[in-house]
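# Residue-level structural notes
Single-letter residue listing:
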Amino acid sequence: MTVSSIEAAWDRIAALGARADARQINTLFYDDPNRVERMRVSLDDLTIDLSKTSISPDVREALFDLARVSDLDGFRRRLFAGGEVNNTEARAAMHMAHRAAPGEVLMAGDEDATAFAWERRERMRLFVRDVHGGTLRGATGLPFTTVLSIGIGGSDLGPSMVTEALTMAEGERLEARFLSNVDGTAFVRETRGLDPARTLILVASKSFTTAETAANAHVARKWIVDALGEDAVGAHFVALSTNLHATNEFGILRERVFGFRNWVGGRFSLWSPVGLVIALAAGWDQFDRLLAGAHAMDRHFAEADLEQNLPVLMALAGIWHVNGLGSTAHCVLPYDDRLRRFPAFLQQLEMESNGKGVTREGAPVKRMTCPVIFGEPGTNAQHSFMQMIHQGPAVIPVDFILAHFAMSHRADAHRMLSANAIAQAEALLCGKTAVQAEMEMLQTGMDPVQAAFLAPHRAFPGDRPSIFISMEHLDAYGIGRLIALYEHKVAVQGHLWDVNSFDQWGVEFGKALATGILAELSGDRVYDHDPSTSALIATLHDV
Ligand code: F6P
């Protein structure tokens, strides 16, 4: 691997992207009658269909050339060997240990990460069993019926997204509420109708220093103390954190703290004790299946040839779209309402991981990195922003996610969802010329002048890329596998872009400034600011 061979591989991708035919997709099907079979890759029932992208055989070769000269194989090995892939924080990224199979050994530096993770998993299982069985109760002796999970970012987005997905159809063992934003109305909303005596409160914070979580945890503590007295805190609070000193200071009993290690990044932490709320709400078996699904993807990513490797293919397709074709946005559409928060989860996963402007060694990056990730569940998205994706001048690649079978009993509704997902992908690919649109209108008997006027408005350019991800069931196993697919996609892209996907220094600056401004808004001190900021502070001062 030499710098010049890597740069040559990037240049080739850019050159292919600059060709006049770089965006053509429909012609690729004529060139290769077996394109669909060639561009569909599966792991068991999970299939990724890349045929509706403009990845031609030349582009494919160039992308795999980049993977080879960048030593993607070596990166995979270092990741799973617990090497310091997070170089700015001198840590491994070993969240995979929390979903490892029995007997498997994964190291994080010198630590047997799997032994640690299995011990944690067993403690979590026993805790969940005792809460569900009613042997662990609130301070007044009542069983817990609700769990309030307090956390933000990775300590909220993954757990809340998965909990919702796993309980929407099946129902909840414990009703789960999630409090993330430091906004008084959020607290009011999330505690409305709750009985403190029956509410278990989880404070999920890797660092246990996050200001929003600390503020919300203190409000929740007061809520418990006001209703049940100071002595109730021990019975009602649980902490999920790497910072045992801070959890102790907050007053959470040692046996109610589920610690984890800093080789689990916040946005990769739903598999660790941070996922306790999932198990409490959806049941231990579901949580176990979730981990099993993610583990299946880990093994696939670690072992499959690059050419057949789903996270690698997803990552390379993204590289083509960003660095070959210049896309700055990427849309994710789960055709499953249970995954309605999946795009929000992916926003943190992808943008906090790869939204970086310097390389691992600190030099400015030479090319674009992470696109803007956005999405909504289908079909809702069709009735809001899909207009732009079909007809706007910007070409925005889309990931469609669809299960073959419904998780509800409404097979008819699922058929409608499926038809819409397939139709959207077809419309993006095939488009419709103005002539076709005009002919269709004329056939309905429309006035020819009106038809000619409307034709360009009702034409679709087509040749718009999408990736179709499908699987039999989006059950706990399927969801675990899907999340891990994207996690590894992100790691592969970070490696190829040469950025550290596992740190998040970009969020620190604003946090530090907020601390000073908070003091000013409370009237304590005055700092130097730019004139615009000073004006805002003056407006809000003493409000
Ligand atoms: O916003 C930055 C961040 O550090 C995220 O990476 C993290 O998921 C979130 O804050 C919450 O952090 P913690 O779990 O330490 O409270």
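Scroll up to find the structure this text is about.
Summary of the structure given here.

About the criteria used
- Residues numbered from 1 in each chain as written.
- Predicted model: local features only at pLDDT ≥ 70, side-chain atom pairs only at ≥ 80, totals over all residues.
- Heavy atoms only, no water.
- Near = heavy atom within 4 Å.
- Polar contact = N/O pair within 3.5 Å; in protein donor to acceptor, adjacent residues only side chain to side chain.
- Nonpolar A, V, L, I, M, F, W, Y, C, P; charged D, E, K, R; others polar.
- Pairing = 2+ DSSP bridges.
- Helix = DSSP H or I, 4+ residues; strand = E, 2+ residues; numbered from the N terminus.
- Axes fitted to C-alpha atoms, helices over the stretch in contact; angles between N-to-C directions.
- Parallel < 35°, antiparallel > 145°, perpendicular 65-115°, else oblique.
- Contact = heavy atoms within 4.5 Å.
- Buried < 20%, exposed > 50% of the residue type's maximum accessible area, 1.4 Å probe, protein only.

### Overview of the site of the ligand
Lining the immediate environment of the ligand, one finds 13 residues, of which S155, S205, S207, T210 and E352 sit closest. In the model, an oxygen atom of the ligand is placed 2.7 Å from a nitrogen or oxygen of the K206 main chain. Take Q348: an N or O atom from its side chain is 3.2 Å from an oxygen atom of the ligand. Broken down by class, the residue content of the shell around the ligand amounts to two nonpolar, nine polar and two charged.

### Some thoughts on the sheet that holds strand β7 (residues 199-204)
The strands making up a sheet associate through backbone hydrogen bonding, with each pair oriented either parallel or antiparallel. Read across the open sheet, the five strands follow the order β6-β5-β7-β8-β9; overall the sheet is parallel. The strands lining the two open edges of the sheet, one partner per strand, are β6 (175-179) and β9 (257-259). Adjacent strand axes in the sheet meet at a mean angle of 20°, parallel and antiparallel pairs treated alike. Looking at chain direction, strand β5 (residues 146-150) and β6 are connected through five bridges and run parallel. Along β6, the bridge assignment pairs L148 with R177.

### Notes on the packing of helix α6 (residues 113-133) against helix α13 (residues 284-303)
Contact geometry of α6 with α13 gives a least axis separation of 10 Å together with a crossing angle of 155°. Considered as vectors, α6 and α13 are oriented roughly antiparallel to each other. Residues R121, M124, R125 and V128 of α6 pack against W284, F287, D288 and L291 of α13. In the contact of α6 with α13, the residues fall into five nonpolar, no polar and three charged.

### Some remarks on the environment of L200
For L200, the location among the structural elements is in strand β7. The exposure class assigned to L200 is buried, which follows from its relative accessible area of 0%. Each C-alpha atom of the pair L200 and V233 lies 9.9 Å from the other, and the pair is 33 residues apart in sequence. For L200, the residues in contact, after removing those within four places along its chain, are F127, V131, F144, T146, V147, L148, A235, H236, V238, R256 and L280.

### Thoughts on unusual backbone geometry
In this structure, T379 follows G378 across a cis peptide bond, with omega equal to 10°. Along the chain, the position of T379 falls in the loop between β11 (372-375) and α16 (386-391). One non-glycine residue with positive phi stands out, namely F208, at about 55°. Overall, F208 belongs to the buried group, its relative accessible area being 12%. Unlike most non-glycine residues, D463 shows phi in positive territory, near 55°. Following the sequence through the fold, D463 ends up in the loop between α19 (448-454) and β13 (466-471).

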